[in-house]
Amino acid sequence: MKVTIEKIDKNQIKIGVNVDNDIFQNAILKSYRKNASNFNVQGFRKGKVPLNYIKKVYGESVFYEDAANFCIDDTYPEALKENSIRPVDYPKIEIIEMGEGKNFEYSAVVTVQPEVEIEKYKNLGIDKIRYVVADQDVDRELKDMQEKNATIESRDEGSKLQYKDIAIIDFKGYIDGVPFEGGEGNDFSLEIGSKTFIGDFEEQLIGLKVGDKKDVFVTFPKDYGRPQLNGKDAKFEVNVKDVKFKILPELDDEFAKDVSEFDTLEELKLDIRKRQEEINKQREKRETEDKLLDEVVNNTKIDLPEVMVKREVDVMMNDFEARLKQQGLDLNSYLNYVGITEEEMRNNMRETAEKRIKVILTIDKISEIEKMDASENEINEKANEIAKAYSPKEYEKLADTLMKTQRDNLINDVKRSKVVDLLMRENED
């Protein structure tokens, strides 16, 4: 097999492949075995007509289409591997020559991964992001715990709704006198001052009693996210069915015993601080890594082929649809709800898709420059790590499956992790 490579555009090449006739004859034999049962020739049982007889009666060309496909399937991947070509799309194949006694020749025009030129990725002078746990952070979590353990009771008959009370309401919204989708609710629990509803909706309920009805007037924000509601004036008919209030437990040692394994409030506070510090460490690491990668990508020249961006958007759309299905929704219903088309949504995803691709290509280029490798133990550890995230109790079986079916992806994951670790070490302040 002879292979020629011709660059025809920034990210496109033309691969010429010339295959010896004896290899093409083997492909014809495979085509004959596949199609032998389709020939009905008097004097022969179905599927038993000799190859040479079929060639004599019908001509060798009856096998060419499948033979060409077999030959391309066998030689195209080999041509890519031998020339270290990394395609990002399916090739456009053109048969150049094929015939009895001739070599089989074809060309393949394919889009390949773009060249990555990194100006600098070490000593970038990026400061590590720091998050300090303040006393008010601990107090805020304690307050949340206090709220979650509050008891809720109805106020005495005739009590007026006040700030921080919980109103149980029925409501129905209108725009220009017409009810709108999503503007109605029954027995809705609304804490006054929570800013759950838009504008001053909640404040307009203060002073109402059980049984009171009121028309509440608000204006939707211009960027509300639903074109049919953006910036529109609305009227809500509200019926107050109950007025409730929270009784918060005292923040003391008894509270600590009730909500945790600790005997004192001070021990609970120390534990909250410790957990928040650990969360901060993970956040610091993640955000510093993102900041570093952004800077490296900014120092990198990559001319992305459109097909790569389109495919990444496809992946993002598929992931989004899967998440919607988990919530019992479908894409069309979501698009109708937010008032955008699928094309608009895809366009909104382009910037993120381009960034994702550039980050991966940049990391892979650094891996190549630094000659990163992945040991068998590291690959196993990565498989176990991924498997535990999906199936903590039965991760071993899943990890084994990943090792057999996703080995190349695991190797890439290991190398990419090493690159990120290298960037962190080389850019420490």
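Described below are features of the structure shown in this document. Because the structure is a prediction, the values reported are computed rather than measured.

1. A look at helix H1 (residues 21-35)
At step 1: Across its 15 residues, H1 extends 21 Å between first and last C-alpha, which sits within 8% of the 21 Å expected from 1.5 Å per residue.
At step 2: Where H1 is concerned, the buried positions are Asn 21, Phe 24, Ala 27, Ile 28, Ser 31, Tyr 32 and Asn 35. Along H1, the residues classed as buried sweep out an arc of 150° about the axis, all on the same side.
At step 3: Residues of H1 that are buried in the fold lie against strand S2 (12-19), helix H2 (51-58), helix H3 (64-82) and strand S4 (104-111).

2. Observations regarding helix H8 (residues 331-338)
At step 1: Where H8 is concerned, the buried positions are Leu 331, Leu 335 and Val 338. Seen end-on, H8 carries its buried residues on one side only, within an arc spanning 75°. Opposite the packed face of H8, turned more than 90 degrees from it, sit the exposed residues Asn 332 and Asn 336.
At step 2: Check the buried side of H8 and you find it contacts helix H7 (306-326) and helix H9 (342-369).
At step 3: Between the side-chain oxygen of the N-cap and the backbone nitrogen of Asn 332 there are 3.1 Å, and the N-cap of H8 in question is Asp 330.
At step 4: In the stretch just after H8, Gly 339 is the one whose phi turns positive, near 75°.

3. Topic: the sheet that holds S2
At step 1: Strand order in this open sheet of four strands is S1-S2-S4-S3, and the pairing throughout is antiparallel. Edge strands, defined here as strands with exactly one partner in the open sheet, are strand S1 (2-9) and strand S3 (92-97). If you compare each strand with its neighbour and ignore which way they point, the axes differ by 20° on average.
At step 2: Bridge count for S3 against S4 is five bridges, and the pairing is antiparallel. Considered in S4, the bridge of Ile 95 is made with Tyr 106.

4. What to know about unusual backbone geometry
At step 1: A positive phi angle, close to 80°, is found at Lys 164, a residue other than glycine.
At step 2: By the element assignment, Lys 164 lies in the loop between strand S6 (151-154) and strand S7 (166-175).
At step 3: For Asp 187, which is not glycine, the phi dihedral falls at a positive 55°.
At step 4: Along the polypeptide, Asp 187 turns up in strand S8 (residues 178-191).
At step 5: Given the relative accessible area of 48%, Asp 187 is considered partly exposed.

5. A look at the nonpolar core
At step 1: Among the nonpolar cores identified, the biggest contains 36 residues, and Ile 366 and Leu 423 are the most heavily contacted of them.
At step 2: Elements represented by at least two residues in this core include exactly strand S5 (116-118), helix H6 (265-298), H7, H8, H9 and helix H12 (407-426).
At step 3: If sequence neighbours within four positions are ignored, Ile 366 has contacts with Ile 118, Tyr 121, Val 296, Val 419, Leu 422 and Leu 423.
At step 4: Among the nonpolar cores identified, the runner-up in size contains 30 residues, and Val 17, Ala 27, Ala 36 and Tyr 76 belong to it.

6. A closer look at the pattern of salt bridges
At step 1: Under the counting rule described, the total for this entry stands at 36 salt bridges.
At step 2: Where Glu 203 meets Lys 195, a salt bridge forms, and the shortest distance between an N and an O atom there is 3.2 Å.
At step 3: In this structure, Arg 346 engages Asp 314 in a salt bridge whose closest nitrogen and oxygen atoms are separated by 2.3 Å. Taken as a pair, Arg 346 in helix H9 and Asp 314 in helix H7 lie far apart in primary sequence, 32 residues in all.
At step 4: Overlapping salt bridges bring together Glu 147, Lys 164, Glu 191 and Lys 246 as one network.

The rules we used
Residues numbered from 1 in each chain as written. Predicted model: local features only at pLDDT ≥ 70, side-chain atom pairs only at ≥ 80, totals over all residues. Heavy atoms only, no water. Helix = DSSP H or I, 4+ residues; strand = E, 2+ residues; numbered from the N terminus. Expected span 1.5 Å × (residues − 1). Buried < 20%, exposed > 50% of the residue type's maximum accessible area, 1.4 Å probe, protein only. Arc of directions from axis to C-beta. Contact = heavy atoms within 4.5 Å. Polar contact = N/O pair within 3.5 Å; in protein donor to acceptor, adjacent residues only side chain to side chain. Pairing = 2+ DSSP bridges. Axes fitted to C-alpha atoms, helices over the stretch in contact; angles between N-to-C directions. Core = buried A, V, L, I, M, F, W, Y, C linked by side-chain atoms within 4.5 Å. Salt bridge = Lys/Arg side-chain N within 4 Å of Asp/Glu carboxyl O.

Everything listed is a geometric property; what it means functionally is a separate question.
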